[in-house]
Amino acid sequence: MEDEEGAEYGKADFVLLDQVTMEDFMENLKLRFQKGRIYTYIGEVLVSVNPYQELPLYGPEAIARYQGRELYERPPHLYAVANAAYRAMKRRARDTCIVISGESGAGKTEASKHIMQYIAAVTNPSQRAEVERVKDVLLRSTCVLEAFGNARTNRNHNSSRFGKYMDINFDFKGDPVGGHIHSYLLEKSRVLKQHVGERNFHAFYQVLRGCEDAELQDLHLQRNPALYSFTRQGAGLSASESEERSHHRAVMEAMQVIGFSAEEMGSVHRILAAILHLGNIEFVETEEGHLAVAEEVLVDHVAELTATPREQVLRCLLSRTVASGGREVIEKGHTVAEASYARDAGAKAVYQRLFEWVVNRINSVMEPRGRDARRDGKDTVIGVLDIYGFEVFPVNSFEQFCINYCNEKLQQLFIQLILKQEQEEYEREGIAWQSVSARPCALRPGGVVWARARSPPARPTSLSQVEFFNNATIVDLVERPHRGVLAVLDEACCSAGTITDRIFLQSLDTHHRHHPHYTSRQLCPTDKTMEFGRDFRIRHYAGDVTYSVLGFIDKNRDALFQDFKRLLYNSSDPTLRAMWPDGQQDITEVTKRPLTAGTLFKNSMVALVDNLASKEPFYVRCIKPNQDKAAARLDEAHCRHQVAYLGLLENVRVRRAGFASRQPYPRFLLRYKMTCEYTWPNHLLGSDREAVGALLEQHGLQGDVAFGRSKLFIRSPRTLVTLEQSRARLVPIIVLLLQKAWRGTLARWRCRRLRAAYTIMRCYRRHKVRAHLVELHQRFQAARQPPLFGRDLAWPPPPAVLQPFQDACRALFCRWRARQLVKNIPPSDMAQIKAKVAAMGALQELRPDWGCRRAWLRDYLSSAADNPAASSLFAQRLKSLRDKDGFGAVLFSSHVRKVNRFNKRRDRALLLTDRHVYKLEPGRQYRVMRAVPLDLVTGLSVTSGRDQLVVLHLKGQDDLVVCLHRSRPPLDNRVGELVGVLAGHCQGEGRPLEVRVSDCIPLSQRGARRLVSVEPRPEQPEPDFRCSRGSYTLLWPSS
Ligand SMILES: Nc1ncnc2c1ncn2[C@@H]1O[C@H](COP(=O)(O)OP(=O)(O)OP(=O)(O)O)[C@@H](O)[C@H]1O
Ligand SMILES: [Mg+2]
C-alpha cells in the first residue's frame, strides 16, 4: 500500500495514526480528501467520503488492480472490500455481508453499485449464459428500483426512500447464480406530499416526461407535472426534460432486460397515471348534503386505467361498507375529510403495492434456478445492505422515527460485532488486561471495550479500556415489549374510541419519564424547542431528534378500507389484480386486525439484524462532506459529527488494541501447517498451541500475535498475508503430493483386484484341469480291456489350457493302443500288416475297396490253391531266378492281362521280388520276358474303383499296364496288396514311391503319352483291354 501512496496522502489506515484523537482523525481525513483520496481504512472497515464529483477511481482497469489482491496490497477502495468479502466467501465457504451505512447523501447507494460492478466484473470468467443473465439482472435491477424507490430530497437528489438488502447467491465456483432483494419501509407518504424543495418518486416524473405523446394521451395525462397535485410540489425541480426522458428510456430498457413483459410495463404506467388522477380528485358537498366528486371525468380515468367498473370506483371514493355484527353489511357515506383520507390512503397503498410487486417480480427472475444443494453444494451468499441513513428534518414524523430506529439497530449490531464481541472474546480467551486511564470517549459512556495499550508494542497482552457509547438502551426504548415506543403506539392504535396522537404522547411521557434518552416538553417545560402535546425527543446515538406525534397513530395503523382492496382485486388487469391478493376476502371475513406498520418494520429489522449477524460482516462507513452537495468541500464540523456518531474513533482504538484475525489453534494449524517442518504433516509437540508457536517462530512472526486459551490472535493483516502467501506457494506441491498418493492408492486397489481375479482364475483353472484329469482317469480305466483297448472311449472336451496336452495324450494313447494291438499279432503276420499299413497310407480315402480284409498271400503263383495247374512250374522258375538274380524275397506274384505299346493284349505273369519286376510268360514255363530292376519303379497308378488295373511307372522304360488276373474268389481285390507290398518295401529302403489314384491314368510308352481308363461291362466274361488311338480301356466285368 505504501508503495503506491506516499506520506503526502496521509495515513491510508487510521489505525496508523500517531494519536487517536478527533483532531488527528479529522486532519488525516481532510488531507486525504483534498488529495482525492476518498477512501481510508480502519482495519478492514472502509471509511468513504462522498466526493460529489466524478473521480478516476473506477472502471475495468481499477478492478483489475484489485482483483485477487489482499486488502492491504492496494490503496483503500470499495473494490478491495468487495474483493475481501468475495475471497472470504470463496476461501471459507462462509456467507459474508457488506453493511453500508451513513447519512442520507453520504454515498451508500453509489458504493453498493460499485461493489456490484466489481463482483460482476470478476466472476464468470467462462461466460456461462445463466450466470451472465443473473449478473445482468442484478446490475439492471438497481436502475429500476431507483426509479420507483428513490426521490429527490433536500439532502440528496437521488435519495433512497426505502431500505435495500440484496443477497447474491454464488455457486461453489464463486459465480453468481441468483439473488434476492429485501426492501424495507418505503416512504409512501411521499406519494401524497413532499417538503419544499423535494420531489415525489422519480417514476412519476419519468412517465410524464418520458412517455410518447400517444401513450400519454391513452393515460389521459399531460406532460406538465404541475397539473397534478401529487407532483406539483416538485414540478419546478425536475431535471431537464431530455435527462428525464433518457432516464425513462433506461428504466424501460432495464425492465425489458430483466424480463418484464410489455403488458406488465403498460400496467405499471397505467397504475402510475391512475395514482396521479386519484390525487387530483376533490370532494364537494352538494346542496342536498351529499358527497360528490368535483370532477367526475377523473373517476372515469381512474376506472379505465385500473380496469375496474366506474360505479364501484365512485362508491369506494364516496362511501365504505362496514360489517355491523354477524353477516349484516351496511354502506356508510364518507364526510369530505373521510373521503380525502380514504383517497390518500388508497393512493399510498397502490404505490406501495406497485413497488413491492416490482421487487417481487425482479426476485422471481433472480431466483437461483435448478439448484440442488445435494448435487451442487450449498450456495454461499454475499449480502449488500444499503439502507437509509440517520435523518433529522425540521419536522420529523413516523417515517424518520422508523429510519432512525433502523440505524440504532444497525449501530447496535456494529457494536456487538466489532466492539463488544471483541471485548468478550479477549476476556474469554484469557488475554491479560492492564487497565490504564480511560481514553476520551466520543459520546456518553455506555460500555467499555478492552484495547491494547500502544506501548510497549512487543507485548500484545497489555491492554487498556476504550470507552464507547452502547446504544442498546435506545434500541430498548423503542422496541421493548409493552413499554417501548412502538408497543405504546400499537396499544394506542388498538384501543377503542378515538385515541389521539396527543393521548399517545401522554402515554409515552408516563412510561419513559425517567428514561435518559427520552424527553418531551411535558417532562422538560423549559425547553422551548419542543411544543406541548406534539413533540417528543429521543437522544439517538447520532444526535437528538425531535419527533412530532401528529399522524403517528394514523401511519402506524396504515388503514385501508377493504372496499378499496376488493375493488382492485377485481380489476381485469392481471398485473394490478396480482398486487391485491388480500382483496379476495369478504368484508364479513376480515376480522383479524392486521399488524401495524411499526410492528411490521420492527419484525423486519429484527430479521435483518439476525441475518447479518449470521454472516461475516464487512463495513463501509460513508461520510457526507457537506450539506450542499458541493464537490471537493469538506465541512469539518459536519464531518466531525458524523465521525463521532458513527463511532469511528472507538473503532480505531479497538482496532489498534485488537487483532485483525483470530483462529482456533486446530483450525490455524489445519490451514498453515504445511508451512513449517515441525507441523507438517502432523506435529509431535505437546499441544496444538505449542505447534502454532513453533510455526510462527519459524516464520519470525511470533511478535505479532497473542496466544489465547483456545485461539491465536493475529494482530496485523500483514502477518496473515505472509502466512497466506507461503501457504499459496506450497499448495500446488501438496496438491501434487495428494494426487500422487491418490493415484498410487488407486493403482494399488486396481492391482489388488487384478491379483484377486488372477488367483480366482488360477484356482478355477486348476479345478477344471483337475476335474478333467479325474474324468480322463476314470474313463480310461477300461482302456486296457482287450480286444478294443479303449477304441470306443470318447475323449471329454478339455479346458482350453489342456488342449495341447490332450492332443499329445491322444497321440500317445493311439500309439499305445497300436502297440497293444501290434503286440498280439504273430510275427508271421507282421509283413502283411506292414503292407496293409503302407497301402492304407497310400489309398485310404482315395480307393474305398482295396482288399484290406483279406489275408494277403503275396506269392499267388506259388499257391497250389490259386495256381493249381502251374504252381510247381512256377516254383522251378522261381528257384532258377533266385539262383541267377539272388533276390531275397518274393514281394508279389500273380497272373495278369497286359497290353503293350503295340496294342497287343496277352496273359502274362507278374513277379515282384526285392530286386526286380519280372514279366513272365505262363504258357512257356514262366519264361522271363522282361526283367526291370525294382529301383526303376518310380510310381504306381491305380483307379478308385473295384477293377484290378495297375500301371507301374518305370524310369527310362515303358510303363507297364496290367490288370491283375482272375483269382479266387473271382475278382478278389489284389490292387491294394500290390500297392501295400511295393510301398512298404520302398519305405523300408527309404526310397520314395509315388502312388496315384485316378480313373484316367496317364502313362508313357516310348516317349508317347497315353491314357488308360476303365469301362465296366456286365457282359464281359474276362477283363480285357481295348485299344484305340492313344488310349487303352480296360473292359471290366461288372456284376
Ligand atoms: N463515489 C462517488 N463518486 C462520485 N459521486 C458520488 C460518489 N458517491 C456519491 N456520489 C454523489 O452523491 C450522491 C448521493 O449518493 P447516494 O445516492 O449514494 O447517497 P445515499 O447514501 O444512498 O443517500 P440516501 O440515504 O439518501 O439514499 C450521488 O447521487 C452522487 O452524485
Ligand atoms: Mg441511497
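Reading guide: rules and limits
- Note on numbering: residues in each chain are counted from 1, in written sequence order.
- Whichever chain is written first is A, and whichever ligand is written first is 1; the rest continue in order.
- Reporting in this predicted model follows two pLDDT cut-offs: at least 70 for local features of residues, and 80 or more for side-chain atom pairs to be given and counted; totals over whole chains, interfaces and linings ignore these cut-offs and use all residues.
- The basis for every side-chain value is the complete set of non-hydrogen atoms in the structure, without hydrogens or water.
- Donor atoms (N, O, S) are those found within 2.8 Å of the metal centre, with the cutoff raised to 3.2 Å for Na, K and Ca; water is not part of the atom list, so apparent gaps in a site can occur.
- Helix numbers and strand numbers start at the N terminus; a helix is a DSSP run of H or I with at least 4 residues, a strand a run of E with at least 2.
- Only protein chains enter the accessibility calculation, which uses a 1.4 Å probe; a residue whose area is less than 20% of its type maximum is buried, one above 50% is exposed, and one in between is partly exposed.
- Note on geometry: axes are C-alpha line fits, over the in-contact stretch for helices, and angles between N-to-C directions span 0 to 180 degrees.
- Angles below 35 degrees are treated as roughly parallel, those above 145 as roughly antiparallel, those between 65 and 115 as roughly perpendicular, and all remaining angles as oblique.
- It only takes one pair of heavy atoms within 4.5 Å for two residues to be counted as in contact.
- Only Asp, Glu, Lys and Arg are considered charged in this grouping, and only Ala, Val, Leu, Ile, Met, Phe, Trp, Tyr, Cys and Pro are considered nonpolar; every other residue, Gly among them, is considered polar.
- Residues are labelled near a given molecule or strand when at least one of their non-hydrogen atoms is within 4 Å of it.
- Any pair of nitrogen or oxygen atoms within 3.5 Å is treated as a polar contact; in protein, a donor-acceptor pairing is required on top of that, and neighbouring residues in sequence qualify only through side-chain atoms on both sides.
- Note on areas: Shrake-Rupley with a 1.4 Å probe; residue coverage comes only from the protein chains shown.
- Two strands form a pair only when DSSP identifies at least two bridges running between them.
- In a helix, the anticipated span is given by 1.5 Å times the number of residues less one.
- In this description, a nonpolar core means a group of buried Ala, Val, Leu, Ile, Met, Phe, Trp, Tyr and Cys residues linked to one another through side-chain atoms lying within 4.5 Å.

1. Thoughts on the coordination of the magnesium ion (ligand 2)
Distances from the magnesium ion (ligand 2) to its protein donors, Thr109 (OG1) and Ser160 (OG), fall at 1.9 to 2.1 Å. You can see threonine 109 sitting in helix α4 (residues 108-122) and its partner serine 160 sitting in strand β5 (residues 159-160), a full 51 residues away along the chain. Under the relative-accessibility criterion, threonine 109 is labelled buried at 12%.

2. A look at the packing of helix α6 (residues 202-210) against helix α9 (residues 241-258)
Helix-helix packing is described using two parameters, namely the angle between the two axes and the distance between the axes. One way to put it is that α6 packs onto α9 with a least axis distance of 8 Å and a crossing angle of 105°. Taken as axis vectors, α6 and α9 run roughly perpendicular relative to one another. In this structure, α6 contributes Tyr205, Gln206, Val207, Arg209 and Gly210 to the contact, and α9 contributes Glu241, Glu244, Arg245, His247, His248 and Val251. For the contact of α6 with α9, the class distribution of residues is three nonpolar, four polar and four charged.

3. Let's talk about the site of ligand 1
What surrounds ligand 1 is a group of 18 residues, the closest being Ser104, Lys108, Thr109, Ser159 and Ser160. Interatomic distance of 2.8 Å between a backbone N/O atom of glycine 105 and an oxygen atom of ligand 1. Between ligand 1 and the protein, one listed contact pairs an oxygen atom with a backbone N or O atom of glycine 107 at 3.0 Å. For ligand 1, whose unbound accessible area comes to 620 Å², protein coverage reaches 88%. Broken down by secondary-structure element, the contributors of at least two residues to the shell around ligand 1 are α4 and β5. The leading source of residues in the shell around ligand 1 is α4, at three residues.

4. What about the pairing of strand β7 (residues 176-184)?
Pairing of strand β6 (residues 163-170) with β7 involves eight bridges; the strand directions are antiparallel. Opposite isoleucine 168, over in β7, you have glycine 179 as the bridge partner. The turn joining β6 and β7, which pair antiparallel and follow one another in sequence, is formed by five residues; a positive phi near 85° is taken by glycine 174.

5. Observations concerning helix α26 (residues 688-699)
With 12 residues, α26 ought to run about 16 Å at 1.5 Å a step, and its terminal C-alpha atoms sit 17 Å apart, in line with that. Those residues of α26 that sit buried are Ala691, Val692, Gly693, Ala694, Leu695 and Leu696. Glycine 700 occupies a position one or two residues after α26 and carries a positive phi of about 70°.

6. Quick look at the nonpolar core
In this structure, Phe148, Tyr351, Ile362, Phe504 and Phe536 are the most contacted members of the largest nonpolar core, which totals 183 residues. The contact partners of phenylalanine 536, leaving out residues within four places of it in the chain, are Phe401, Leu505, Leu508, Tyr518, Thr519, Ser520, Met530, Val545, Thr546, Tyr547, Val549 and Phe552. The next biggest cluster of nonpolar side chains, apart from the first, holds 34 residues, and it includes Ala835, Leu891, Val975 and Val979.

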